[in-house]
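Residues per chain, in single letters:
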Protein chains: 2
Amino acid sequence: MKAERRRITTRELAQDLGVSRATIDRALNGRGRISEETRERIARRAQELGYRPNLIARSLAMTTSARIIAIVPKQPASFFQSILEGIRDAAENYADHPFSVEIRHTSKHDLTEQREIIRRLDGTTCNGLILVPAHSRALNSEIDRLAGEGVMVICVNSDAPESRRTTFIGQDFIRAGRLAAELLGKLARGQGRVLSLGGFPDIWAHTQRTLGFVRELEEHYPEIEILHGPFCDDDPQRAYEAVRGAIDSAPPDRPIAGVYISTGAGSWGVARALRENQPRKIHFVGFDVLPENVKYLRSGTIDAVVEQEPYRQGYDAVEQLHRHFIERKTEHAEYVLTGLDVILRNSIPELPEHGTDQQF
Amino acid sequence: MKAERRRITTRELAQDLGVSRATIDRALNGRGRISEETRERIARRAQELGYRPNLIARSLAMTTSARIIAIVPKQPASFFQSILEGIRDAAENYADHPFSVEIRHTSKHDLTEQREIIRRLDGTTCNGLILVPAHSRALNSEIDRLAGEGVMVICVNSDAPESRRTTFIGQDFIRAGRLAAELLGKLARGQGRVLSLGGFPDIWAHTQRTLGFVRELEEHYPEIEILHGPFCDDDPQRAYEAVRGAIDSAPPDRPIAGVYISTGAGSWGVARALRENQPRKIHFVGFDVLPENVKYLRSGTIDAVVEQEPYRQGYDAVEQLHRHFIERKTEHAEYVLTGLDVILRNSIPELPEHGTDQQF
DNA sequence: CTGAAAGCGCTTACAG
DNA sequence: CTGAAAGCGCTTACAG
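The rules behind each value
- By convention here, each chain's residues receive numbers from 1 onward along its written sequence.
- Labels are handed out in written order, letters beginning with A for the chains and numbers beginning with 1 for the ligands.
- Only residues with pLDDT of 70 or above have their local features reported here, since the model is predicted, and side-chain atom pairs are shown and tallied only from 80 upward, although totals for entire chains, interfaces and linings are computed over all residues.
- Excluding hydrogens and water, the side-chain figures rest on all heavy atoms present in the structure.
- Two strands make a pair as long as DSSP finds a minimum of two bridges between them.
- Runs of E in the DSSP output that reach at least two residues are strands. Runs of H or I that reach at least four are helices, and both are numbered from the N terminus.
- Seen with its strands pointing away from the viewer, a crossover is right-handed when the path leading from the first strand over the helix to the second is clockwise.
- One confidence number per residue, pLDDT, is output by the predictor and ranges from 0 to 100.
- Contacts are residue-level and defined by heavy atoms, with any inter-residue pair within 4.5 Å sufficient.
- Whether a set of points on the 1 Å grid over the protein atoms alone is a cavity depends on a 1.4 Å probe fitting there but being unable to get out, while an open set qualifies as a pocket with protein on both sides within 12 Å along at least five of seven lines; lining residues are those with an atom within 4 Å of a point.
- Grid points are joined across faces, edges and corners, and a volume is the space filled by probe spheres set on the points.
- Gly is put with the polar residues, along with every residue not named as nonpolar or charged; the nonpolar set is Ala, Val, Leu, Ile, Met, Phe, Trp, Tyr, Cys and Pro, and the charged set is Asp, Glu, Lys and Arg.
- Only one rule defines a salt bridge in this text: a Lys or Arg side-chain nitrogen within 4 Å of an Asp or Glu carboxyl oxygen.
- Polar contacts, as counted here, are pairs of nitrogen or oxygen atoms within 3.5 Å of one another; within protein the pair requires one atom able to donate a hydrogen and one able to accept it, and residues that are adjacent in sequence qualify only if both atoms are side-chain atoms.

**Some points on the pairing of strand β7 (residues 225-231) of chain A**
Residues and elements named next belong to chain A.
- As defined by bridge partners, strand β6 (residues 193-198) adjoins β7 across five bridges and the pair is classed as parallel. Each bridged residue has a counterpart across the sheet, and for S196 the counterpart in β7 is H228.
- Traced from β6 through helix α9 (residues 204-220) to β7, the parallel crossover comes out right-handed.

Written as structure tokens, this is what we have:
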């Protein structure tokens, strides 16, 4: 890049020190028997001469491969497809390296099924695990067992924050909720009643977003009254009913001015209820660029969604594992924050290729 | 990744066909003398057996290196720093490949200086060029000359659309303008007068954004009246004065409800004028996450900026060149669209590390 | 027009 | 505890 001199090789380093290249390898990569004295001498000299291994040569020479397993739900396809593509593209990118990514599917985003797969894994069958945890706590013991066996576990999209997973890759959920509140507050001009709906009570992403949402309104839009609605899991139908109920039972002099829900699939349930409530305009900020949500964004029923870049989450997870196993980086950020994008109608270029999951 | 069988090598392919590996290489990589007949036979068989070269082995073996030159302005640092970091990080990522990226700085984003550097380049000194064109047309003949000599030219951040550059990496400017209009229209609830200010008349990014802005308002917010203001180049002071003038001369019964400007540096000039106009709230959507704009986002004077992911633009430019020279991909998208993000106060995690350029 | 052989910078049995 | 040598899958002079 800069006018840096050609990098030094193990051969030159070996010659300089009067030892063999095999010894260099043992010293620098901690393999097998070597006297502490020579190890240290070699390490120091390598440092002095600025030795850095040629990673592609290493990759070409290595005989054993790091085995990564990624557990990804099949449904809802419109959401997990993007994470999957990110994982696949990154894996293909590293296809020539001693590094393989195998994908295991669960039928849906379900704790029991996910736990079954993880139970059968151990430190001899894989070196790394990519996971979208279906529960914020219930997988901790399995994750911790794997971590104890030397498996590097990465949580993607949602987190198991108290487990021994190495890294979480995804949204800063608190800020995501705050962002939705900020926009909703602006659109409502800081006035009126806003209905706040929950997702799953046991999914970290959902609870944290609502926390951020409420905090932001309280701090910056004190005149907005928050109407706390029920958890709707990730179920559009329940979200639909909750919104209908709130609209119908609101006193005429204090109507609903805005709606919030902390989940992507719930968002289009909310949107359907609001569409039926035309022509009264109720502001609504949801989550995730799902095909159903895009439809309502186009028609104006959804003002905006906050997006989390699922493709990049998948891609970055593989990259992080590559950095660990191939580049042998030892430091790993606990949080890799991706995607906190406000998506409006004009943010969407065209319909995503994959179809929708259901006829809702 | 999947349970794909081990990839076939040149050695096996050669054995299968009863030729040498050198011949395989000549056939597949179009090097030197080879009879059309054997070339075709080898190509067909390679296809049948699904041969794909091991790219890291290739990189390790190659003796000549692709030379990439990137021309990046030093000022304004707060903006170009990010592009530069993207370029540097990507280049470092490929440090072991026969692929070098050299950065040449201009002092500011200036046509004359930029053209001087390009004039001294040719097909023997470099293979690829990364450029943030300082003019939408005036560099065309130099770009075309380089393209004619086999240099792959990539425009980043702004475009020279009628030149023979291979790819433009950056925003869809029309949509960026539309997005700003959509948000401003929503915030103003489709009512009132909106002042639209220009940037440089010769920078593609600026003119196209304003085009998109005007179209969106006309199509979706027909009741908004557009007040067409002057070009302010990229000068905060001129933007400041234009806004002051418009506010002062607006008739009391038809005040300014919103402001738009198509440039990032202009945005903080607008914001300063609006801050002085407190407490009347005038909506404002600008461009780019510059430190000065972040300040006004925090205080609420700027409602939002539309962001273009400069880091990624730099990174992707290097990656595209790598794909061409190392992976030898022959197809290249003419447009790689990055960053069309709406940034609100809560989108910003913390102040960027680098300082500001001037005391404005 | 084609092939045999050396080499890129590492890792890894194998021998001592 | 240490070294000599083969090998990863390509490219590239060199020879024919």
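**Some points on the confidence of the model for chain A**
Residues and elements named next belong to chain A.
- Averaged over all residues, the pLDDT of chain A is 90; the fraction at 70 or higher stands at 95%.
- Ranking the elements of chain A by mean pLDDT puts helix α1 (residues 10-17) last with 85 and strand β4 (residues 152-156) first with 97.
- Confidence drops under pLDDT 50 across residues 351-360; counting only partners more than four residues distant or on other chains, this segment forms 21 contacts.

**Regarding the environment of N293(B)**
Residues and elements named next belong to chain B.
- For N293, the position within the fold is in helix α12 (residues 291-299).
- Between the alpha carbons of N293 and I68 there is a distance of 33 Å; along the sequence they are 225 residues apart.
- Not counting chain neighbours up to four residues away, the residues in contact with N293 comprise G264, S267, W268, F287, D288, I302 and V305.

**Quick look at the layout of surface pockets**
- In this structure, the second largest pocket occupies an estimated 1400 Å³ of space.
- Residue lining of the second largest pocket: 42 residues in total, with R7(A), R52(A), P53(A), N54(A) and D96(B) positioned closest to the centre.
- The set of elements that each furnish at least two residues to the lining of the second largest pocket consists of α2 (21-29), α3 (36-49) and α4 (55-61) of chain A together with α4 (55-61), α5 (77-93) and β2 (99-106) of chain B.
- The element contributing the most residues to the lining of the second largest pocket is α2(A), with five residues.
- When its residues are assigned to classes, the lining of the second largest pocket shows 18 nonpolar, ten polar and 14 charged.

**What to know about the interface of chain B and chain A**
- Across the boundary between the two partners, chain B contributes 41 residues, which contact 42 residues of chain A.
- For the pair chain B and chain A, the number of links is six salt bridges.
- Taking the shortest distance from any N to any O, the salt bridge between E216(B) and R345(A) comes out at 2.8 Å.
- On the surface where chain B and chain A come into contact, there are 21 residue pairs in polar contact (both at pLDDT 80 or more).
- Of all the elements in the fold, those that place two or more residues in the side of chain B that touches chain A are α4, α5, β2, α8 (173-187), α9 (204-220) and β12 (341-343) of chain B.

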